[in-house]
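Each chain is listed here by its residues.
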Amino acid sequence: MYKAYYDSPIGIVEIVSDEDSIIELSFVEEAGNNDLLAAPQVLKSALKQIEEYFQGKRNIFDIKLKATGTKFQQKVWQRLAEVPYGETACYKDIAAAVGNSNACRAVGGANNKNKIAIVIPCHRIVGSDGSMTGYAGGLWRKEWLLQHEKVNR
């Protein structure tokens, strides 16, 4: 496993990869060392792309991901990735898109298990009334990310 850190406007982002895929992107309390000499290209690229995202220069990520989960979670995460930059969808929309419009809670559970924040944009999922609902990084971060995307769209 390899790790890199980015000091974003909303906290430290930790990016974890193996030799060829990003396996986690999350907010952490403390940064480790950014020793990128031995890091694989995918990690260096992800770090650059996250920086560009926070600078408002990138709205689509082009990095190989390895998100591990159940088949249902995989389907949900695939649909999350299809929600356009600067837009939102509700849990019911995602549930319908994966074939079960009654699976809103299950979609919420899959959203919560997403380990690749921002790139798999679980922050773009809101309540059916447009309200901010759970986000592992904190609702204030979710609101910031949505506003950031709205302004830079």
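Above this text is the structure in question.
Read on for a plain summary of the structure. Worth saying up front: this structure is predicted, and the values here are computed from it rather than measured.

### Concerning unusual backbone geometry
Non-glycine residue Ile118 carries a positive phi angle of around 70 degrees. Topologically, Ile118 is positioned in the loop between helix H4 (104-113) and strand E5 (125-126).

### With respect to the pattern of salt bridges
Summed over the entire model, instances satisfying the criterion amount to 7 salt bridges. A salt bridge links Glu52 to Lys48; its shortest N-O distance comes to 2.7 Å. With Glu52 and Lys48 both in helix H1 (residues 41-54) and 4 residues apart, this pair spans about one turn of that helix. Connected through shared salt-bridge partners, Lys48, Glu52 and Arg58 make up one network.

### Here's the deal with the layout of surface pockets
Rolled over the atoms, a probe with the dimensions of a water molecule shows which regions are left empty. Within this model, the largest pocket holds a volume of roughly 290 Å³. Lining the largest pocket are 18 residues, and of these Asn112, Asn114, Tyr135, Ala136 and Gly137 lie nearest its centre. For the lining of the largest pocket, the secondary-structure elements that each account for two or more residues are strand E3 (22-28) and H4. Split into classes, the residues belonging to the lining of the largest pocket amount to 7 nonpolar, 8 polar and 3 charged.

What counts and how
Residues numbered from 1 in each chain as written. Predicted model: local features only at pLDDT ≥ 70, side-chain atom pairs only at ≥ 80, totals over all residues. Heavy atoms only, no water. Helix = DSSP H or I, 4+ residues; strand = E, 2+ residues; numbered from the N terminus. Salt bridge = Lys/Arg side-chain N within 4 Å of Asp/Glu carboxyl O. 1 Å grid on protein atoms, 1.4 Å probe; cavity = no way out; pocket = protein on both sides within 12 Å on 5 of 7 lines; lining within 4 Å. Points joined across faces, edges and corners; volume = space filled by probe spheres on them. Nonpolar A, V, L, I, M, F, W, Y, C, P; charged D, E, K, R; others polar.

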